[in-house]
Amino acid sequence: MRKTLSFGFLASLVALVVCVLAGTGPALAQEAAGFGPAPVLTAADYPTVAGVNGRLVIWIVAQLHLWFAAFVLAVPIFVFIIEAIGMRTRDKRYDDMAYEFIKVSITAYSITAILGGLLLFSLILFYPHLFGYLSTIFSKSMFYYALLFFGESAVLYLYYYGWHWLQGDLRKWIHLSLGLLLNAIGTTLMLLANAWLTFMMSPAGVDPAGVFNGNEWEAIHNFLWNPINIHRFVANIAYGGSIVGAYAAFKFLTARTSQEKAHYDWMGYNANFIAICALLPLPFAGYYLAAEIYAYSQQMGITLMGGIFAWLFIIQAVLIGALFLSANYYLWCGMGRSDGARRYYWAIKYIAIVLIGAFLVWFTPHTLVLTNSELKSLGGPHHSILGPLGIMPAKNTAVNLMIIFTFLSFLIYRRSNKVATVSWEGMGNTLQVALFTAGILNILFLGIYHGYFTNTVYKVAASIPQVLTTFVVIVVSLVLDSFIYRGARDVGPLHWGRIPDRAQYALFLLAVAFTWLMGLMGYIRSGIRQHWHVVDIMRDNSPNAFTPTLGYAANVVSVAAVIFLTLVIFVFWIAKVSSVKTLPAGYWKE
Amino acid sequence: MRQFLSVIAFMLIVIGSFSAYSNLGIPQIEPAPPPTEEVIDLGSMDMGQFLALGDRIFNGKGTCTLCHNSLGRAPMLDQIGSNAQARLDDARYAGSATDIEGYLRESLTDPSAYVVAGFGKAGTNDTESPMPGTESGSIALSGPELAAVLAFLQDNGGLEVTVEIPTDMGDEATDENAAEPGEPRAPFTSFQDLSDEFACEACHTIGEEAGDLGPNLSAIGATRDRDYIRRALLDPNAEIAEGFEEGMMPDDLGTQLYATELELLIDHLSQLK
Amino acid sequence: MGFARKTLFFAAAVAACGAGFLVLDVVMMNMQGLDLIFEK
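Keep in mind that what you see is a predicted model, and the values were worked out from it rather than measured.

Q: Tell me about the packing of aromatic side chains, and please be specific about residues and values.
A: Residue and element names in this part refer to chain A. Summed over the entire model, instances satisfying the criterion amount to 40 aromatic pairs over all chains. Residues Trp-59 and Tyr-523 carry aromatic rings whose centres are separated by 5.9 Å and whose planes lie at 10° to one another, so their mutual orientation is stacked. In this pair, Trp-59 sits in helix 2 (residues 54–89) while Tyr-523 sits in helix 18 (residues 501–527), placing the two residues 464 residues apart along the sequence. Across this residue pair, the class does not change: Trp-59 and Tyr-523 are buried. Note on Phe-223 and Tyr-296: the rings are 5.5 Å apart at their centroids and 40° apart in plane angle, and the pair reads as tilted. Of this pair, Phe-223 sits in the loop between helix 7 (216–220) and helix 8 (225–254) while Tyr-296 is found in helix 10 (residues 282–296), placing the two residues 73 residues apart along the sequence. Looking at Tyr-296, the relative accessible area reads 25%, which means it is partly exposed. An aromatic cluster is built from Tyr-99, Tyr-109, Tyr-145, Phe-149, Tyr-157, Tyr-159, Tyr-160, Tyr-161, Trp-163 and Trp-196, whose rings are joined through pairwise contacts. The ring of Phe-546 has Arg-55 lying over it, and the distance from NZ or CZ to the ring centre is 4.6 Å.

Shown next as structure tokens:
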């Protein structure tokens, strides 16, 4: 009975989603029906509510919503993957870990929804005209968004509460399919929300006065939609991994038994692994986004890379450096789990030196391009210690080297517990070292020769073979490695849990730096619109239309981050409380 | 609990240090406030004030210098005097302008009508200009503002100013907000104020402030006499200080400075030893 | 393998990989309509 009910529910849900998706097609083709131009506002059109600063409220609430949304969208992605791995290997540990991940995200899910509602209310309260304008253009997608949200909740609850019920051959497959559906809906939700915000940056489907032509798909599929989609998708996974990593780290620190310690060490390792895998391609997704912004509007591109925002990228460099260093540090500490790691300890200091060197290059400010008044307050377009390291090719080179050496850390980690048995091991190793050497030389050649002795076209073009070189080094050496270590014997069993406590702090650092970095980049993404609600179409005439200084923005991000972490701790605590039982002696009558 | 507290403390310290770095580790630049339409009283304006208005818009609201600067993103406009005729004569020219004023106006209102070779949007083979139209969108100059910029461009490029001061504000401006007459500014009386106003220290090192686009002036009085300095200020391109580029140093100080201000600058600089 | 042979092998391997990467560079630059070596 229960079974049929659920299946009925599921079927109707799928039907609903299909209807909704099918309904979009014809609806999109509908003719424009009397849309007006974008409203022209005055300061009086922005209500003050209870004397609070509307922009600040929106800023913080939107950021909190985004953090939670990123987390709850990302977790099901890798839970799906881990569940699939578990099904393939029939190793129940994976299944348990996947379940624990989703359990963490379930309370976060309702907080996401609450924050989404709060954001909606705040928008309607503080920016009624903007919201009104956007909702005439995105009426359908907003409606479907709400419906999809129902679908998402239903599938998520089914997926989570049905976890232990849907076990065994066919049932497990059904459960995995639910996971896929959950991800499909979740990703669609994100894509819709992205469309609204990219419309504000690169409006489409409207004429210069803001009159909508009725084609909602055109407005959704605006110039910056896909670049943001890609960037967010990848970043969310890295972010989700880092938050789960922090969870595992905390559980590790407070674990009582060595069994528990081993379990959470393993979980932390996997979460970190996920975060790093997604972190590696992230700089490229970022470059792509920036390049597309530049292609969309040179003015916006210069605002992004020059002016006051140029300094923001220096803060960003510090944070990304912190991410890379802490991820590597965690790997190095983790080598202690193996008795065979001693063989590789010598290499660590060299990797550290390269990483820090690359970090410093990245840290060197860009050539700054400014408006005259900004020029004045800064004292010239070049940073005084700028030197030649400020140009893009130097930074590209640094990023590629950082990625290659992080990969090297990972390679060493993988090898630390293994002894190769193939006869050509020595030759294979030499080959691998040669591959790295040649790859690094090539990256340096491309960066230095094209960066300093050619023109802009070459500088930009050379970044492509650079990235591919990194890619080739990674792929080829993974393949080589798997041959060299085919049939390799283990040094001994891995000692999960044998890792110093301070390694866990690397995981905390990873999570906090990620959170803060996302907040900071949210500020710039929104900030490059300057005094426009919808760029060039709907002007922000509120008293808060000005661009705040970086210090101010950083403080807002910090406050938001503290609120976020408080909520996250609450979420983790709730997850723990739900399994605690108190037996009050003599309270209930016998 | 101890673990819990130390984790919390660790996170707060990390966040705090990010914030501290952003506030203390990098310069805090106040971004330019959103642009507003100039309040113009055309009736009482002479050509000097009109040109000064154009200059202000060019350097401020128009955001022209974002691209038209020495970094090679767009053609330098102080050379427009010699370039404009060549553009009109170019076989590629397909716009509708017949004279230089027309060309300049067209460059501002329909940038893609003619794209200077090498400056087109990537991949468009110089058929589409990256420059935004200045009448609408994010720059949105009013009719008189556009005219003032045109006059400024002519003057700045060493051309004869043929643009006339318009007599009415155009449709969008009403009489209410065109109230105050454009008063001439009061002269500055200290070197520092002057230097701030004309951004000398953005390019020059004078004492503590460091700019490296122009020669260091901290001890200029030791090697240069008053006449030299006067010439350097009034006609900077006559003699170029060794190792620096021509055309960077503003060459319109002569029309911008009051006589007392010019003397003040010369006095001050010649005493720096 | 003796030291000399080892070094030789390593050098040969670096040269081979380097040649491979160089081909990659040339192809990638050509695809963007450029030569590997910049001509003024």
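Q: Give a detailed account of the interface of chain C and chain A, specifying residues and quantitative values.
A: The accessible area lost on association of the parts is a frequent measure of interface size. Across the boundary between the two partners, chain C contributes 18 residues, which contact 27 residues of chain A. Across the chain C to chain A interface the summed buried area is about 2,000 Å²; carbon plus sulfur atoms make up 81%. On the chain C side of the interface with chain A, the three residues burying the most area are Phe-9, Phe-21 and Phe-38 of chain C, jointly 32% of the side's total. At the junction of chain C and chain A, the tally comes to zero salt bridges. If you look at where chain C meets chain A, you find two residue pairs in polar contact (both at pLDDT 80 or more). Looking at the side of chain C that touches chain A residue by residue, the class counts come to 14 nonpolar, two polar and two charged.

Q: Tell me about the packing of helix 8 of chain A against helix 18 of chain A, and please be specific about residues and values.
A: Residue and element names in this part refer to chain A. The interhelical angle for the contact between helix 8 and helix 18, taken along N-to-C directions, is 150°, at an axis separation of 8 Å. The pairing of helix 8 with helix 18 is recorded here as roughly antiparallel in orientation. Relative to helix 18, helix 8 is oriented so that their crossing is left-handed. Of the residues in the contact of helix 8 with helix 18, the class split is 17 nonpolar, four polar and three charged.

Q: Which residues make up helix 10 of chain A, and what are the values?
A: Residue and element names in this part refer to chain A. Its 15 residues give helix 10 an end-to-end C-alpha distance of 21 Å, which sits within 8% of 21 Å, the value for a rise of 1.5 Å per residue. Among the residues making up helix 10, those that are buried are Leu-282, Pro-283, Ala-285, Leu-289 and Ile-293. Buried residues of helix 10, seen end-on, are gathered within an arc of 160° and therefore sit on one face of the element.

Q: I'd like a rundown of a nonpolar patch on the surface, residues and numbers included.
A: All names here are of chain A. A cluster of nonpolar side chains, Trp-424, Met-427, Phe-471, Val-475, Val-479 and Phe-483, forms an exposed patch at the surface whose accessible area comes to about 540 Å². The biggest single contributor to the nonpolar patch is helix 17 (residues 456–484), with four residues. The partly exposed category is assigned to Met-427, whose relative accessible area is 38%.

Q: Help me get a handle on the confidence of the model for chain A, residues and values and all.
A: Residues and elements named next belong to chain A. Of the residues in chain A, 88% reach a pLDDT of 70 or more, and the chain-wide mean stands at 82. Confidence over residues 1–32 falls short of pLDDT 50; this stretch has 26 contacts with residues more than four positions distant or in other chains. Note that residues 367–389 has pLDDT below 50 and, in this model, 63 contacts with residues that lie over four places away or in other chains.

Q: So what's going on with unusual backbone geometry? Residues and values would help.
A: Most peptide bonds take the trans form, and the phi angle of most residues other than glycine is negative. Residues and elements named next belong to chain A. One non-glycine residue with positive phi stands out, namely Arg-90, at about 55°. Mapped onto the elements of the fold, Arg-90 is located in the loop between helix 2 and helix 3 (92–126). According to the relative accessible area criterion, Arg-90 is exposed, its value standing at 67%. Unusually for a residue other than glycine, Gln-530 sits at a positive phi of about 55°. Among the secondary structure elements, Gln-530 is positioned in the loop between helix 18 and strand 3 (532–534). Residue classification places Gln-530 among the partly exposed positions, given a relative accessible area of 39%.

Q: Requested: an account of helix 7 (residues 191–198) of chain B, with residues and values cited.
A: Residues and elements named next belong to chain B. Restricting attention to buried positions, one finds in helix 7 the residues Phe-191, Leu-194, Ser-195 and Phe-198. Buried residues of helix 7, seen end-on, are gathered within an arc of 95° and therefore sit on one face of the element. Buried residues along helix 7 sit against helix 8 (200–203), helix 11 (253–256) and helix 12 (259–270). Ala-199 sits one or two positions beyond helix 7 and adopts a positive phi of about 55°.

Q: Could you give an account of the environment of Tyr-264 of chain A, naming the residues involved and the relevant values?
A: All names here are of chain A. Mapped onto the elements, Tyr-264 comes out in helix 9 (residues 258–279). For Tyr-264, a relative accessible area of 9% puts it in the buried group. Each C-alpha atom, one on Tyr-264 and one on Phe-250, is 8.7 Å from the other, the two residues being 14 residues apart in sequence. The contacts of Tyr-264, once residues within four sequence positions are left out, are Glu-100, Ala-248, Lys-251 and Phe-252. In terms of polar contacts, Tyr-264 uses its side chain to reach the side chain of Glu-100, at 2.7 Å.

Q: Explain the pattern of salt bridges to me, using residue names and the numbers behind them.
A: Counted by the stated rule, this structure contains 13 salt bridges over all chains. Of the charged contacts in the structure, one is a salt bridge between Asp-265 of chain A and Arg-337 of chain A, with a shortest N-O distance of 2.7 Å. On the criterion of sequence distance, the pair formed by Asp-265 of chain A in helix 9 and Arg-337 of chain A in the loop between helix 12 (309–334) and helix 13 (345–363) is long-range, its members being 72 residues apart. Both residues of the pair, Asp-265 of chain A and Arg-337 of chain A, count as buried. For Arg-226 of chain B, the salt bridge identified is with Asp-267 of chain B, shortest N-O distance 2.6 Å. In this pair, Arg-226 of chain B sits in helix 10 (residues 226–234) while Asp-267 of chain B sits in helix 12, placing the two residues 41 residues apart along the sequence. Residue classification places Arg-226 of chain B among the partly exposed residues on the basis of a relative accessible area of 34%. Its relative accessible area of 33% is what places Asp-267 of chain B among the partly exposed residues. Three or more residues are tied together by salt bridges with common partners; here these are Arg-226, Arg-230, Glu-263 and Asp-267 of chain B.

Analysis parameters
- Per chain, residue numbering runs from 1 following the sequence as it is written.
- All chains are assigned letters beginning with A, and all ligands numbers beginning with 1, in the order in which they are written.
- In keeping with the model being predicted, local features are shown solely for residues with a pLDDT of at least 70 and side-chain atom pairs are shown and tallied solely at 80 or more, while totals for entire chains, interfaces and linings include all residues.
- To obtain the side-chain values, all non-hydrogen atoms of the structure were included, while hydrogens and water were left out.
- Aromatic rings from Phe, Tyr and Trp, with only the six-membered ring used for Trp, were paired whenever their centres fell within 6.5 Å, and each pair was classed as stacked if the ring planes differed by under 30 degrees, edge-to-face if by over 60, and tilted otherwise.
- Strands are runs of DSSP state E lasting at least 2 residues, helices are runs of H or I lasting at least 4, and numbering of each runs from the N terminus.
- Categorising residues by exposure relies on relative accessible area from a 1.4 Å probe, with only protein chains included: less than 20% of the type maximum marks a residue as buried, more than 50% marks it as exposed, and the intermediate range marks it as partly exposed.
- The rule for a charge over a ring is simple: NZ of Lys or CZ of Arg within 6 Å of the ring centre, and within 35 degrees of the ring normal.
- For this analysis, residues touch if any pair of their heavy atoms sits within 4.5 Å.
- Buried area is understood as the total, over both parts, of accessible area removed when two parts are fitted together, assessed with a 1.4 Å probe.
- The rule for a salt bridge is simple: a side-chain nitrogen of Lys or Arg has to be within 4 Å of a carboxyl oxygen of Asp or Glu.
- Counted as a polar contact is a pair of N or O atoms within 3.5 Å, where, for protein atoms, one must be capable of donating a hydrogen and the other of accepting one, and residues adjacent in sequence contribute only when both atoms are in side chains.
- All residues other than Ala, Val, Leu, Ile, Met, Phe, Trp, Tyr, Cys, Pro, Asp, Glu, Lys and Arg, Gly among them, are scored as polar; the first ten of these are nonpolar and the last four charged.
- All axes here are fitted lines through C-alpha atoms, helices being fitted over the stretch that makes contact, and every angle between N-to-C directions spans 0 to 180 degrees.
- Convention used here: angles under 35 degrees read as roughly parallel, angles over 145 as roughly antiparallel, angles from 65 to 115 as roughly perpendicular, and any remaining angle as oblique.
- Crossings are sorted by hand: turned counterclockwise from the far helix by less than a right angle, the near helix makes the crossing left-handed, and turned clockwise it makes it right-handed.
- The span expected for a helix works out to 1.5 Å for each residue beyond the first.
- Here the arc refers to the directions that run from the helix axis out to each C-beta atom.
- A residue counts toward a patch only above 30% relative accessible area and without a salt bridge, and it is joined to like-charged neighbours within 9 Å or, for Val, Leu, Ile, Met, Phe, Trp and Tyr, to nonpolar neighbours within 5 Å.
- To measure how exposed things are, a 1.4 Å probe is used in the Shrake-Rupley method; for residues, cover is taken only from the protein chains shown.
- Each residue carries a pLDDT score, the predictor's confidence in it, ranging from 0 to 100.

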